[in-house]
Amino acid sequence: MTQHTALEQAAQWLKDADGIVVCAANGLSMAAGFAILRPGSRFDSRFSDFVQKYGIRTPLQGLQTSFPRPEEFSRFYSRLISGIHYDKPVSPVMHTLRSICSLHPTFVLTTNVEDRVVQAGFPEQSVFYLEGRLTYRANHTPLQKQDLAEITSGDQLETAGYPDSRQFQEKLRDLNRFLAAHPRFVILELGVSAGNGFLRPLISQMLQAFPASRLAEFNLQPNPVPVQIRHRVVQVDGDLEQNLDGLARILLPEASGSQDGTS
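Quick caveat: nothing in here was measured; it's all calculated off a predicted structure.

What counts, and where the lines are drawn
Residues numbered from 1 in each chain as written. Predicted model: local features only at pLDDT ≥ 70, side-chain atom pairs only at ≥ 80, totals over all residues. Heavy atoms only, no water. Helix = DSSP H or I, 4+ residues; strand = E, 2+ residues; numbered from the N terminus. Core = buried A, V, L, I, M, F, W, Y, C linked by side-chain atoms within 4.5 Å. Buried < 20%, exposed > 50% of the residue type's maximum accessible area, 1.4 Å probe, protein only. Contact = heavy atoms within 4.5 Å. Salt bridge = Lys/Arg side-chain N within 4 Å of Asp/Glu carboxyl O.

Caption draft 1: Layout of unusual backbone geometry. The backbone phi angle of D115 is positive, close to 60°, even though this residue is not glycine. Its location among the elements puts D115 in the loop between β2 (106-110) and β3 (127-129). Positive phi values are uncommon outside glycine, yet H140 reaches one of about 70°.

Caption draft 2: Just the nonpolar core, in detail. Core analysis: the largest hydrophobic core is formed by 37 residues, its most contacted members being V22, L97, F122, L188, L190, F218 and L247. For L97, the residues in contact, after removing those within four places along its chain, are V22, L28, F122, L188 and L190. In this structure, L130, L202, F210 and L215 belong to the second largest nonpolar core, which totals 24 residues.

Caption draft 3: A look at the environment of E131. Its place among the elements puts E131 in the loop between β3 and α8 (166-181). Each C-alpha atom, one on E131 and one on N112, is 7.4 Å from the other, the two residues being 19 residues apart in sequence. Residues contacting E131, with those up to four places away along its chain left out, are T110, T111, V113, T159, Y162 and F198.

Caption draft 4: A look at the pattern of salt bridges. According to the stated counting rule, one finds 13 salt bridges in the structure shown. For E72, the salt bridge is made with R75, and the minimal N-O distance between the two is 3.1 Å. With E72 and R75 both in helix α6 (residues 70-86) and 3 residues apart, this pair spans about one turn of that helix. Judged by relative accessible area, which is 5%, E72 ranks as buried. R75 gets classed as partly exposed once you look at its relative accessible area, which sits at 35%. With a closest N to O distance of 2.9 Å, R137 and E150 form a salt bridge. One end of the pair, R137, is in the loop between β3 and α8; the other, E150, is in the loop between β3 and α8, and 13 residues separate them in sequence. Salt bridges sharing common partners tie together D49, K53, E72, R75 and R79.

This is the structure we're talking about:
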């Protein structure tokens, strides 16, 4: 199947669906300009003092570092989350995703902790941050930018132990209600690796429990697909932002043309 044919197939499945379940992981964050797991020149430049003093090379490493003083964690965390959330405008790829999801009721599952989905306009009640958020306290209340200096340890953040919380179970019930109400949903998988321990099992469970559902996978490289569900899966590999733009042009040609200045 050619790339264009795969995009056409994904678009048709989305048109025919009665709901969309977005499953987004690190690949979507990277398309939006944030790599929590990978070293890069942008991080090295912005955090050169931490690189030189502690040898920190990635955001995740910094968040997991045991600093000698709590103030050092606070300084790292405040600078990081300000740059990737509070001071960062919504990215083009998130605008595109929001436009695509305007077709149907949507529920978002994500392992991305930088809290960019609600910020892009998706309703809070329809977003499930599977590992919590860096913008919320451990008691599940939102942090304002002026309060970031109060955070002196990762244990004070929602990301510490979120899967064991009552809020996690409530979101799981919200997801199950959405799936039951939209059994012909399409899973729009965005940047999810084969080793993602949260999303990969959930995707498999959803496809098994709802035989009318389908999976449109948008990843840098295709993931293995069991033979028994191969006819329910379309894979679009390569640059995520470009491929979502292509999908949007097929689904929403008038909107795409207006944005491109061609109509």
